[in-house]
Amino acid sequence: MRKVIFFALVSLTLLSCTDNVPKCEDPEILQTVIELMREQDGMLKEWKFMGKNFEELELDLIKTNSIDKELNKCECEASIKNGPPFTKNPTISYEAQVNSNGEVIVTTYPVNW
C-alpha cells in the first residue's frame with residue numbers, strides 16, 4: 001500500500017529551476033519519506049523486530065530512476081542505513097511531484113527487504 005503526503009515547498013533551489021521537477025536528494029523530500037516510513041507501522045515490522053529505533057532511520061545511496069519534466073515528477077530509490085545487521089540494507093522507492101499549486105506530493109512504496 002502506498003502513502004501520500006503533501007508539503008509546501010520552500011526549497012529555493014527547486015523554486016529557482018526553470019523546470020519544476022523535484023530532486024530525489026532534496027532534504028525536505030528525504031525527511032518526508034522518513035516521516036512516512038515512521039507513520040506506516042507495518043512497513044518496518046522487521047526493523048522493530050531487530051530492536052532498531054525509528055529515530056535511527058537514515059536514507060543513503062539516493063538514486064534517480066526517472067525524471068518526467070512534463071509531469072514535474074521524479075521516481076527515486078534509496079537505501080535505508082542502519083538496517084538489520086548482517087543483511088543487505090533494505091531499499092525504499094518513492095516519487096516526488098510538484099502539483100499545480102507548487103506543492104510537492106511525495107508517494108512512498110513498500111520497503112524492499
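That block above? That's the structure.
Every value quoted in this text rests on a predicted model; they were computed, and no experiment measured them.

Trainee: Looking at this model, I keep getting lost on the state of the cysteines. Mind explaining?
Mentor: In a disulfide, the sulfur atoms of two cysteines are covalently bonded to one another. The tally for this structure, following the rule as stated, stands at one disulfide. A sulfur-sulfur separation of 2.0 Å characterises the disulfide bridge that pairs Cys24 with Cys76. Where Cys24 bonds to Cys76 through sulfur, the torsion about that S-S bond is close to -80°, and the disulfide is left-handed. Of this pair, Cys24 sits in the loop between helix H1 (12-16) and helix H2 (27-39) while Cys76 sits in strand E3 (residues 73-81); the two residues are 52 residues apart in sequence, bridging distant segments of the chain. The exposure classification of Cys24 matches that of Cys76, with both residues buried. Counting only cysteine sulfurs, Cys76 is the nearest neighbor of Cys74, a cysteine outside any disulfide, at a range of 3.6 Å. Under the relative-accessibility criterion, Cys74 is labelled buried at 1%.

Trainee: Looking at this model, I keep getting lost on the pairing of E3. Mind explaining?
Mentor: On a regular strand, one side chain projects to one face of the sheet and the next to the other, so that they alternate. By the bridge criterion, eight bridges tie strand E2 (residues 58-68) to E3 in an arrangement that is antiparallel. The partner of Ile67 across the bridge, within E3, is Cys74. The turn linking E2 back onto E3 is made up of four residues, and Asn72 within it adopts a positive phi angle of 50°. With seven bridges connecting them, E3 and strand E4 (residues 91-98) associate as antiparallel partners.

Trainee: Even after reading the chapter, I still don't get the pairing of E4, so can you show me in this structure?
Mentor: Most of E4 is tucked away, with six of its eight residues classed as buried. Direction of pairing for E4 relative to strand E5 (residues 104-108): antiparallel, over a ladder of five bridges. Each bridged residue has a counterpart across the sheet, and for Ala96 the counterpart in E5 is Val106. If you look at the hairpin formed by E4 and E5, you'll find five residues sitting between the two strands, and Gly102 has a positive phi there, around 85°.

Trainee: Explain unusual backbone geometry here, please?
Mentor: Backbone geometry places Leu61, a non-glycine residue, at a positive phi of 50°. Here Leu61 lies in strand E2. Even without being a glycine, Asn72 presents a positive backbone phi close to 50°. Of note, Asn72 is situated in the loop between E2 and E3.

Trainee: Looking at this structure, how should I read the nonpolar core?
Mentor: The nonpolar side chains of a soluble globular protein tend to be buried with one another. Ile29, Val33, Met37, Leu59, Ile80, Ile92 and Tyr94 are the most contacted members of the largest nonpolar core, which totals 21 residues. For this core, the secondary structure elements donating two or more residues are H2, E3, E4 and E5. With six residues, the top contributor of residues to this core is H2.

Trainee: For this particular structure, what's the right way to read H2?
Mentor: One turn of an α-helix holds 3.6 residues; hence residues three or four places apart share an orientation. Its 13 residues give H2 an end-to-end C-alpha distance of 18 Å, which sits within 8% of 18 Å, the value for a rise of 1.5 Å per residue. Looking only at H2, the buried set comprises Ile29, Leu30, Thr32, Val33, Ile34, Leu36 and Met37. The N-terminus of H2 is capped by Asp26, whose side-chain oxygen sits 2.8 Å from the backbone nitrogen of Glu28.

Rules of the game
- Residues numbered from 1 in each chain as written.
- Predicted model: local features only at pLDDT ≥ 70, side-chain atom pairs only at ≥ 80, totals over all residues.
- Heavy atoms only, no water.
- Disulfide = S-S within 2.5 Å.
- Helix = DSSP H or I, 4+ residues; strand = E, 2+ residues; numbered from the N terminus.
- Buried < 20%, exposed > 50% of the residue type's maximum accessible area, 1.4 Å probe, protein only.
- Pairing = 2+ DSSP bridges.
- Core = buried A, V, L, I, M, F, W, Y, C linked by side-chain atoms within 4.5 Å.
- Expected span 1.5 Å × (residues − 1).
- Polar contact = N/O pair within 3.5 Å; in protein donor to acceptor, adjacent residues only side chain to side chain.

This is a description of form; function is not addressed.
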